[in-house]
There are 2 protein chains.
Amino acid sequence: MIDDVLETNELFYAAFAERDLDRMESLWCVEQTPTCVHPGWPPIRGRAEVLESLRAIFAGGGLAPTCEAPTLQSVGDVGIVLCRERLGAAVLVATNVFVREEGAWRLLHHHASAVAQVPETPPLDPELMPN
Amino acid sequence: MIDDVLETNELFYAAFAERDLDRMESLWCVEQTPTCVHPGWPPIRGRAEVLESLRAIFAGGGLAPTCEAPTLQSVGDVGIVLCRERLGAAVLVATNVFVREEGAWRLLHHHASAVAQVPETPPLDPELMPN
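Residues numbered from 1 in each chain as written. Chains lettered and ligands numbered in written order. Predicted model: local features only at pLDDT ≥ 70, side-chain atom pairs only at ≥ 80, totals over all residues. Heavy atoms only, no water.

With that settled, consider the overall build of chain A. Across its full length, chain A holds three helices and six strands. Overall, chain A shows an N-to-C arrangement of helices and strands of α-α-β-β-α-β-β-β-β. Pairs at least 24 apart in sequence give 45% of the contacts found in chain A among residues at least 6 apart. Here chain A has roughly 6,900 Å² of accessible surface; of this, 55% comes from carbon and sulfur atoms. (Helix = DSSP H or I, 4+ residues; strand = E, 2+ residues; numbered from the N terminus. Contact = heavy atoms within 4.5 Å. Areas by Shrake-Rupley, 256 points an atom, 1.4 Å probe, with all protein chains shown as cover.)

Shown next, in the form of structure tokens:
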């Protein structure tokens, strides 16, 4: 059952990739009030408001985030997934909180934000080094 | 008991303001593995690692975030606080996940990130408007 949290997390990113609003709608919790923080946005509270924000993002036609290296912490009927997201060249980090409702895991909270890109130091070119 | 989550959330920001590492240490969970996302940082996993990052932040002498408008969602032994943070002129948003350990609420996960500042449109000056 615990693995199902990570499966539901995958479904969330699949719905994003497919811009599937119906599936997305089925993934968010009903008995609690969902909340969502898109990168750089202020928090959004409420099921209708969260889904409207996703509809706008889908309609905007931008890139969908992909999920990497998810890890799960589970406490009772709550599962907290921490993962890296890639959005084109950008690296983000996401906290996804799932709650079990009638046996199914549903998103209660999504918080994604950018990780600052530290430019890599270019390798030293021996030809350019002083003798 | 549920209100205690918000009280513990306040203690977290008080420990930040006072750079009180002992209090900070007492606020993070022991039975689970704490995780932390400072603004723009990649995720930090593990109690020692999280506390070391806070020690470095305290030593750096920067501003401490203050918390505004926290809201709580509670599911069993988990409490999820969503709040605004102010760090000087910057506005951030934070997800703070607390877990109950032996009757006390402890931080399991902190994720803070900047909210993009949208410059306000200056009011139209009627003197500059065409007739």
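Okay, the interface of chain B and chain A next. Residue-level contacts link 30 residues of chain B with 30 residues of chain A. At the boundary of chain B with chain A, total buried surface from both sides reaches about 2,300 Å², with 63% on carbon and sulfur atoms. There are zero salt bridges connecting chain B and chain A. In this structure, the connection of chain B to chain A is made through twelve residue pairs in polar contact (both at pLDDT 80 or more). Counting residues per element, the ones that place at least two in the side of chain B that touches chain A are β1 (35-37), β3 (66-75), β4 (78-87), β5 (90-101) and β6 (104-114) of chain B. Considered class by class, the residues forming the side of chain B that touches chain A number 17 nonpolar, eleven polar and two charged. (Buried area = accessible area lost by both parts, 1.4 Å probe. Salt bridge = Lys/Arg side-chain N within 4 Å of Asp/Glu carboxyl O. Polar contact = N/O pair within 3.5 Å; in protein donor to acceptor, adjacent residues only side chain to side chain. Nonpolar A, V, L, I, M, F, W, Y, C, P; charged D, E, K, R; others polar.)

It is worth spelling out the side chain of Asn96 of chain A at this point. Structurally, the position occupied by Asn96 of chain A is in strand β5 (residues 90-101). Here His110 of chain A takes part through its side chain, which lies 2.6 Å from a polar atom of the side chain of Asn96 of chain A.

Our next topic: the relation of the copies chain B and chain A. The two copies are related by a screw operation: chain B maps onto chain A through 180° of rotation and 0.0 Å of translation along the axis, at an RMSD of 0.0 Å. Look at the turn and shift together and you get a two-fold axis relating the two. The rotation axis passes nearest to the C-alpha of Ser113 of chain B in chain B, at a distance of 3.0 Å. (Least-squares fit on C-alpha atoms with pLDDT ≥ 70 in both.)

Another aspect to go through is the sheet that holds β5 of chain B. Residue and element names in this part refer to chain B. With mixed pairing, the six strands of this open sheet are ordered in space as β2-β1-β6-β5-β4-β3. On the outer flanks of this sheet lie β2 (44-45) and β3, each paired with one strand and no other. Relative to β2, β1 runs antiparallel, the two sharing two bridges. The residue bridging Thr35 from the neighbouring strand is Arg45, located in β2. (Pairing = 2+ DSSP bridges.)

We now examine unusual backbone geometry. One non-glycine residue, Ala69 of chain A, lies in the positive phi region at around 50°. Along the chain, the position of Ala69 of chain A falls in strand β3 (residues 66-75). One non-glycine residue, Glu102 of chain B, lies in the positive phi region at around 50°. Checked against the element boundaries, Glu102 of chain B lands in the loop between β5 and β6. The exposure class assigned to Glu102 of chain B is exposed, which follows from its relative accessible area of 77%. (Buried < 20%, exposed > 50% of the residue type's maximum accessible area, 1.4 Å probe, protein only.)

Residues and elements named next belong to chain A. For helix α1 (residues 3-17), spanning 15 residues, the distance from its first C-alpha to its last is 21 Å, which sits close to the expected 21 Å at 1.5 Å a residue. Of all the positions in α1, only Val5, Thr8, Asn9, Phe12, Tyr13, Ala15 and Phe16 are classed as buried. Take α1 and look down its axis: the buried residues cluster within an arc of 155°, on one side only. Of the residues in α1, the exposed ones pointing more than 90 degrees away from the buried face are Asp3, Glu10 and Ala17. Looking at the buried positions of α1, the neighbouring elements they touch are α2 (21-27), α3 (47-60), β3, β4 (78-87), β5 and β6 (104-114). (Expected span 1.5 Å × (residues − 1). Arc of directions from axis to C-beta.)

Time to look at the confidence of the model for chain A. Residues and elements named next belong to chain A. Per-residue confidence for chain A averages 91 on the pLDDT scale, and 88% of its residues sit at or above 70. Averaged pLDDT values for the elements of chain A fall to 95 in α1 and rise to 98 in strand β1 (residues 35-37). Under the prediction, the complex receives an ipTM of 0.89, its pTM being 0.90. (pLDDT = per-residue confidence, 0-100.)

Residue and element names in this part refer to chain A. Pairing within the open sheet is mixed, and its six strands lie in the order β2-β1-β6-β5-β4-β3. Among the strands making up the open sheet, the edge pair consists of β2 (44-45) and β3. Two strands pair when backbone bridges link them, and β1 and β6 are joined in this way by three bridges, in the parallel orientation. By the bridge assignment for β6, Cys36 is matched with His110.

All names here are of chain B. For Trp28, the position within the fold is in the loop between α2 (21-27) and β1. A residue is classified by how much of its surface remains accessible, and Trp28, at 1% relative accessible area, is buried. When the C-alpha atoms of Trp28 and Gly40 are compared, they prove to be 21 Å apart, with twelve residues separating the residues in sequence.

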